[in-house]
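# Summary of structural features
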Amino acid sequence: MTGEPQRSARKGVDVDTAHNFTAEQLKARLAGILLIVAAVALFSCLDTTAKYLGRHVPALEVVWFRFASHLVLAIFAFRLWKRPHIIRTRRPLLQIVRSFGLLGSTVFNFQALQYLQLSETVSIMFAGPLLVTALAGPVLGEWAGRRRWTAILIGFCGVLVVTRPGLGGLHWAVGFSLAAMVSYAIYALTTRLLTETESVDGMLIISAAVAMLVMTPSAIIVWETPQTPGLWLLLFSTGLYGGLGHWLLTKAHAIVPAPVLAPFFYSQIVWMVGLGYIVFSDIPGATTVLGASIIVGSGLYLLYRERHLNKSTAPIPEA
C-alpha cells in the first residue's frame, strides 16, 4: 500500500476506443475490474453484518463502529505516525464532500437494511453506477461509448426484473435506499476527482475520521452496550469490510475510468442473494434469479470484451 497520489486514467476520450491504449494500459483496466469485484464482495459482507447487528443494537451505533474501527485499522495499516504527510490535502472541501457522500450512503443503507432484504437494497443501489456513468462525461470527461451504454442499460433491465416483486408494495424504506444511491454517486465522483492529486491512503483515513466525528453525538444518544463477545467482534469487523472495500474501490478508480467500472458493481447481486439465503433464509424468487442472470451476463460480456481487446491489441512502443 503506497501513499503516493495516484494518476488517473485517461480523460476526455471515449473509453471504448481501445486502439488508443497500450496492452499495458488494457491490463491495468482488467486489474481495476478485479479490484471492483473484490470490493463489492467485501461490501456484501458489510451489509450482511450490518443487517444482523441491526437486530441487536441501534443502526446509528453500527455506523459509528463501522467508521471508528475503520479509522483505527487504517492508522495502523498505513503507519500514520511515520507518514503524516499522507493526510495533507490540496482540496479539503472536496475531501469533506466525499466523506459526507460515504457517510450518507452508509447511514441510509444501514437504515434500509432493517426493513428490506439484502437483494432489494443492493438492486436499488445498482442505479448508482448508472448515475455515475451519466455524470462522468460532463464532470470527469470520461464518455462511455454506445457498446458500454448498451451493456449498462441491459444490466439495468435486469435490476428492474429483480426489484419488481420486492417493490410491488413500495415499502417506505425504499426512500432510504434511494438516498443511499444518490450519496454513493456523490462519493464515487468525488473519489475519481481526488485520486488525481491526493493520496489514496490519506483519503481512506480522512473519510473515516470525518464520518466518525459526525456520528459520535448520535452514537452516544442511542448507545446500547453489546451483550455478547460475538456482537463486539461483528461490530469491529464492519470497519475491516468497509475500510478494505473502499481502499480497493479507490485504487480501482485511480487507474480505470468510471464508465468502465460501472457494470461490474452488478456482480454484488450474487453475493447479496447468497448471503441473504445463508444468513437470513431469504429465498430469491424466479424473477430474482432471472434478473440476476441478466445483470451478471452484461458484466461478463464486458469482461470478455476487455480480455479480447487485451489479446488483440499489440503494445505501442514508448515515445
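Preceding block: the structure.
Residues numbered from 1 in each chain as written. Predicted model: local features only at pLDDT ≥ 70, side-chain atom pairs only at ≥ 80, totals over all residues. Heavy atoms only, no water.

On to the overall build of the protein chain. On a plain count of helices and strands, the protein chain comes out with 12 helices and two strands. Here the contacts in the protein chain between residues at least 6 apart in sequence split such that 91% fall between residues at least 24 apart. (Helix = DSSP H or I, 4+ residues; strand = E, 2+ residues; numbered from the N terminus. Contact = heavy atoms within 4.5 Å.)

A cluster of nonpolar side chains, contributed by L93, V97, L131, L135, V139, V182 and I186, occupies part of the molecular surface with about 530 Å² of accessible area. Of all the secondary-structure elements, those providing two or more residues to the nonpolar patch are α3 (92-113), α5 (127-140) and α7 (174-194). In this fold, L135 is placed in helix α5. (Patch = residues over 30% accessible without salt bridge, like charges linked within 9 Å, V, L, I, M, F, W, Y side chains within 5 Å. Areas by Shrake-Rupley, 256 points an atom, 1.4 Å probe, with all protein chains shown as cover. Salt bridge = Lys/Arg side-chain N within 4 Å of Asp/Glu carboxyl O.)

Next up on the list: the packing of α3 against α7. Here α3 crosses α7 at 155 degrees, and the two axes come no closer than 7 Å. By the angle class used here, α3 and α7 are roughly antiparallel. Once α3 is placed against α7, the crossing between them reads as left-handed. Residue-level contacts link L94, Q95, V97, R98, G101, L102, G104, S105, F108, N109, Q111 and A112 of α3 to F176, S177, A179, A180, S183, Y184, I186, Y187, T190, T191, L193 and L194 of α7. A class-by-class count of the residues in the contact of α3 with α7 yields 13 nonpolar, 10 polar and one charged. (Axes fitted to C-alpha atoms, helices over the stretch in contact; angles between N-to-C directions. Parallel < 35°, antiparallel > 145°, perpendicular 65-115°, else oblique. Left-handed = near helix turned anticlockwise from the far one by under 90°. Nonpolar A, V, L, I, M, F, W, Y, C, P; charged D, E, K, R; others polar.)

It is worth spelling out the packing of helix α2 (residues 59-77) against helix α8 (residues 200-222) at this point. Closest axis-to-axis distance for the α2/α8 pair is 8 Å, and the angle between their directions is 145 degrees. Read as a crossing pair, α2 and α8 show a hand that is left-handed. Of α8, the residues touching α2 (which contributes L60, E61, V63, W64, F67, A68, H70, L71 and A74) are L204, I205, S207, A208, A209, A211, M212, M215, T216, S218, A219 and V222. Residue composition of the contact of α2 with α8, by class: 16 nonpolar, four polar and one charged.

What follows concerns the side chain of S177. Positionally, S177 belongs in helix α7. Under the relative-accessibility criterion, S177 is labelled buried at 0%. Discounting chain neighbours no more than four positions away, the residues touching S177 are A112, L116, T121, I124 and M125. (Buried < 20%, exposed > 50% of the residue type's maximum accessible area, 1.4 Å probe, protein only.)

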